[in-house]
Each structure stands twice: as C-alpha cells, then as structure tokens.
Amino acid sequence: MITLRNVTKTYPPDVHALRGVTFHIEPGEFVSIVGSSGSGKTTIAKLLSAEEKPSEGQVIIGEWDISRIPHYQIPTLRRQLGMVFQDYKLLPKKTVFENVAFALEVAGDSSKHIKEIVPQVLKIVGLADKAHRYPRQLSGGEQQRVSIARSLVHRPKIMLADEPTGNLDAVTAREIIELLKRINEFGTTVVLVTHDRDIVNALNRRVITVQKGEVVSDVAKGKYHLG
Amino acid sequence: MRAFFRMITFALQGIFRNFWLSFVTTSVLFLTLVTINAVLVLNVLANASIRAIEDRVQIELYFVPGTSEDVVKSVRGYLIGLPQVKDVTTVSADEALASFTERHANDAEILAALNEVSGNPFGDALRVQAEHPEDFPFILEAVNSPEFSEYIKDKDYADYQTVIEQLSAFTERVYWGGIGLAAFFGLISILIVFNTIRVAIYTHRDEIAVMKLVGAKDWFIRAPFLLEAIMYAFAATVIMTIVLMFALFSLEPLITRFFAGVSVNLSQFYVENGIALFFAQWIGLSLLGVATTMMAVRKFLKT
C-alpha cells in the first residue's frame, strides 16, 4: 500500500532531512512514525501527502509514484488520502458542514450526495448537532473531529495523521486516538506521525522510529523508545 | 455547470463573510473610478469651453459699399464650398456697422475715426466661421484671390489672430495635459488596485493551502477569487454610476451657471456614452482585478 525505497530528502544547500529511508506498510495497518523534533518524521508525512518530492529514492502510495507524479494529478491523489493535522487546517469562514462538504465539492460530487453523506460523517465523529457552527466556535478537540470528518468523506484507504493530538489535552487526545482506531477497524490504513509517548505506548501497534533522518527501528508491536 | 454554480456560491460567501475586506477592496476600486471620471469630466468641460470659444471666433469680410448682391452671394457660395469653412452668414451694411462698433467699443481711436466718416462706411459683410481656428489663415488666403479681392474692402481678423494662436496652443496643452493626467492617475490607480487585491489574496493564503490539501484543483481554488474580483469591479462601477447620476443632477445647474451662456451638456455626454462607459470601466477594472488575482493566487498555489 505504502512503500518508501531508499528515500533521501535534501534541502538546499545541504540539509539532509532523510537518508536512505526504507519501509513498507500493508493495507489495514495502524502504524506510528515517531521521533524527536527535527528527526525527519514530518518530512515523511509531507512526502506521503505529495507536499514534497524525494531528492532520491521512491515513494509509492497505492498506484502512485510520488517521486514522478505530475502536478495536475496531485489533487486526485489527495482526494484518496485522508489527512489530519496538528493545527486542524479548517477553513475559518466556512461552517462545520461546509468544511466537510468542501472535500466532496472539490471532487464534483452532487449536492444531493453531499447532503446525505456529510451528516452521516458528522454523526460518526459526534458533531451532528454542531454542523452550522464556525471553527472558532468549537473547542480544539471538536475542531480536530471536524478535520477527521473531512478526511473521512471520501472513504479513504489511507489516513495520514500528522501530530493530530499536538494541541489537545490528554483526555481529548485519547478520544481522537480512539476515533482513529475505529476508522482503522473499518479497514482504513492509518499512519500516525507523533512524538507523544503515552499515546504510542497505549496503542501497542507497529512503531517506526526515525532519528536524524534515518529509520532506527521498526517494531511490529512497539513502544515509544528513542535510543 | 454544477462547478460553476459552486464557484459563484464560494465567491459570494467570500465577499459577504469577509465583509470588511470586501468593503475596503470595493472602496479602492470606487475611488479609482472617481479619479477616472473626474479626469473625464474635466476633459468634457475643457472641450466644451474650447468649442464655445472656437464658435465665437470668426472672420468678417466687409465688401466695398455698393457691391452687388450677386457678388456677395458668389463669394459666400465659394467660401461655403471650402471644407475648412463651417458656416457663412450674410450681414447687411447696417448690421456690419453695429457689429463693428460693438466689437471696438473700447477702442477710442477706431470709434473716433468712425465718427469722422459721414454715413455708413460699410457695405454688406460676410461672417465666416472656420471648422478649426488654424484654418483661418487658409480662408483669408482664399478670399485674397484676384477674383474677389477688388470687392473686399476689409478683413476683420487681426484682433482674433492672437486669441486663435493662444487657443490652438491651449487646446493642444489641454489635450496632452488630459492624456498625461489620465495616464498618471491611471498608473496610480493600477498600483493601488494591484496592491489591494494582493493583500486581500494574502489574507487567504492559509485557506488556499488547506484547499490544496483536501484535493482542490488549481482552477477550483482560483475561480472564486477571479469571480470575486469581477464582482468587486461590478459593485464599484454601479456605485460610481449612482454617485455620478446624483452629482450630475445636483451640479449641472451650477456648472451651467458657471459657464454662462456656454452649452456644456455634461449630462448629455453621459446619456450618449453612459452605457459604453459603464462597460468600459467594469471590464477595465475586472481585467485589472483578474490579472492581479491570477498573479497573487499563483504564488500560493505553488506549494
């Protein structure tokens, strides 16, 4: 499903964010990519969302080769990925409903379909009663739920969550992780990029540890451990 | 079609949900149009003034007393056939005397000389109006032909010579000055509109990034901003038209009084050219807005 093969990412003039990173993620897995600040884990997230291209090596997502993907095909790729970010990345002038609907509108879905699917997804994330609020009228946890709802409307095969709990308190963070686990149980591959030790340890799933741009461990049922 | 309606909806949402930004952008576009229309009105007024003065400038050809009516008619016919001549009026000897006296009312020497002559020294006269002030020397040359010169006693043109020369120079200065002024304000307006729209797009940079991340294609992101630019231009042009109509209604009597006796016809100018001006201003502002938006959005679409 996701393959990184000898991936190197160098930023000019000579900052090596990643060096020879190789791993493979199977469909339906729940994988945490961990590492301290500056380790290169966010660069991996950016490669997976096609925000960056590798300097060397290959990044394969499904049938897409990110290292060669033409600019005009990136939107199509992103519609097949669910993406959740630390800062939620919601559109501030759109309501909860409109934020979620936007992901379908960009793909040209009909208004009828949007009116059917958006309330269902909002119900899944527990925000059915807040559809007409604006992001500024929601708590951090609620905003992250909107972000998850938006990433779910396309029924993505892969969900990429980059520090989704970074701005949340411990209780809300656990709720968000529970939501991601439920999404994973429905068959979606979840890639969680985080530096939250408690969350990773509680998950007890596969952990890929990145340090100084290199993969230093890849354990099937791992704990958060930085050498 | 569905995508188009969505873009219209997004554009309208963008305008009304960012009300103050929309207000400022429309205001700047409106002020741009105020500048353009002010230059336009000044140009119309200047042209009307020049036209009025031009209409009053004329040559009077005084015939030798006793010249037959046929000769006067034939000179008139010859002159009216010249493309440089706008109109020729026949003036009787009495009218010619009255007109001469009136025009030289402040010239004591001429009046004294006139008093010394017994009776009416004038014959019939022709009052000639030229199409353009610079045509007078040509017309004078034309009536100097041997065929007519023996019947023409005097040509009253010298008094106007300086006025005509000054007027021609003034007309040219107003013309080039108007173009220069319009170009200067046009350039300032373009820079202001350019920067205002760039700032407006800059405030949306995070939104553009989010739209890209959820899979929006470039044209889907760009189109609502372009439509917004066209809508801002439309709103500014409509407001300008309404303000202009009120200004014309309330100021035209004052302008007419100021230009006593001169037909300025400012409202007539806008009645005749209003629709063309409306679309020219709307399309002009829209093109400026669209070009600026394309450049500003492109910067944030690169990521």
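Everything below is about the structure shown above.
Residues numbered from 1 in each chain as written. Chains lettered and ligands numbered in written order. Predicted model: local features only at pLDDT ≥ 70, side-chain atom pairs only at ≥ 80, totals over all residues.

1. Re the overall build of chain A
As a reminder, the rule being used: Segments assigned H or I by DSSP are reported as helices when at least four residues long, segments assigned E as strands when at least two residues long, and all are numbered from the N terminus. To sort residues by exposure, count the other C-beta atoms lying within 10 Å of each residue's C-beta; 20 or more gives buried, 12 or fewer gives exposed, and values between give partly exposed, all with C-beta atoms placed from the backbone. C-beta atoms are placed from the backbone for every residue, and two residues are taken to be in contact when these atoms lie within 7 Å.
Helix and strand counts for chain A stand at seven helices and 10 strands. When each of the 227 residues of chain A is scored for burial, the buried share is 44%. Of the contacts formed within chain A by residues at least 6 apart in sequence, a portion of 66% connects residues at least 24 apart.

2. Concerning the packing of helix H5 (residues 140-152) of chain A against helix H6 (residues 170-185) of chain A
All names here are of chain A. Using the following cut-off: Note on method: axes are straight lines fitted to C-alpha atoms, helices fitted across the in-contact stretch only, with angles between N-to-C directions ranging 0 to 180 degrees. Here the word oblique covers every angle except those under 35 degrees (roughly parallel), over 145 (roughly antiparallel) and from 65 to 115 (roughly perpendicular). Less than a right angle of anticlockwise turn of the near helix away from the far helix marks a crossing as left-handed, whereas a clockwise turn marks it as right-handed. Amino acids outside the nonpolar list (Ala, Val, Leu, Ile, Met, Phe, Trp, Tyr, Cys, Pro) and the charged list (Asp, Glu, Lys, Arg) are all regarded as polar, and Gly is one of them.
Where H5 contacts H6, the axes come no closer than 10 Å and their chain directions differ by 15°. When the axis of H5 is compared with that of H6, the two are roughly parallel. You can see that H5 and H6 cross each other, and the crossing is right-handed. Across from Gly140, Gly141, Gln144, Ile148 and Leu152 in H5, the residues of H6 making contact are Thr172, Glu175, Ile176, Leu179 and Ile183. For the contact of H5 with H6, the class distribution of residues is five nonpolar, four polar and one charged.

3. Observations regarding the environment of B:Val71
All names here are of chain B. Inspection of the secondary structure assignment puts valine 71 in helix H3 (residues 69-80). Overall, the presence of 18 C-beta atoms within 10 Å leaves valine 71 in the partly exposed class. C-alpha of valine 71 to C-alpha of phenylalanine 148: the two residues are 77 residues apart in sequence and 8.4 Å apart in space.

4. So, the interface of chain A and chain B
Accessible area lost when the parts come together is the quantity often used to give the size of an interface. Across the contact, 16 residues belong to chain A and 15 residues belong to chain B. Taken together, the elements giving at least two residues each to the side of chain A that touches chain B come down to helix H2 (74-79) and helix H3 (96-105) of chain A. For the side of chain A that touches chain B, the residue count by class is seven nonpolar, two polar and seven charged.

5. What to know about the sheet that holds strand E4 (residues 152-156) of chain B
Residues and elements named next belong to chain B. So the rule is basically this: Strand pairing is defined by DSSP finding a minimum of two bridges between the two strands.
Taken in spatial order, the four strands make up an open sheet running E2-E3-E1-E4, and their pairing is antiparallel. Sheet topology places strand E2 (85-91) and E4 at the edges, where each strand pairs with a single neighbour. Ignoring which end each strand starts from, the neighbouring axes of this sheet average 20° apart. Here four bridges tie strand E1 (residues 59-63) to E4, and the two strands are oriented antiparallel to one another.

6. Observations concerning the sheet that holds strand E4 (residues 56-61) of chain A
Residue and element names in this part refer to chain A. Pairing in this open sheet of four strands is antiparallel, and the strands run E2-E1-E4-E5 from one edge to the other. Here the strands that pair on one side only, and so sit at the sheet edges, are strand E2 (15-25) and strand E5 (64-65). Pairing analysis gives two bridges linking E4 to E5, with the strands arranged antiparallel. By the bridge assignment for E5, isoleucine 60 is matched with aspartate 65.

7. Topic: the pairing of strand E3 (residues 30-34) of chain A
For a regular strand, side chains alternate in direction, first toward one face of the sheet and then toward the other. All names here are of chain A. Taken across its five residues, E3 has five buried, putting it largely inside the fold. Of the two faces of E3, the one holding Phe30, Ser32 and Val34 and the one holding Val31 and Ile33 are both buried throughout. One ladder, built from four bridges, connects E3 with strand E9 (residues 206-211); its direction is parallel. Within E9, the position partnered with valine 34 by the bridge is threonine 209.

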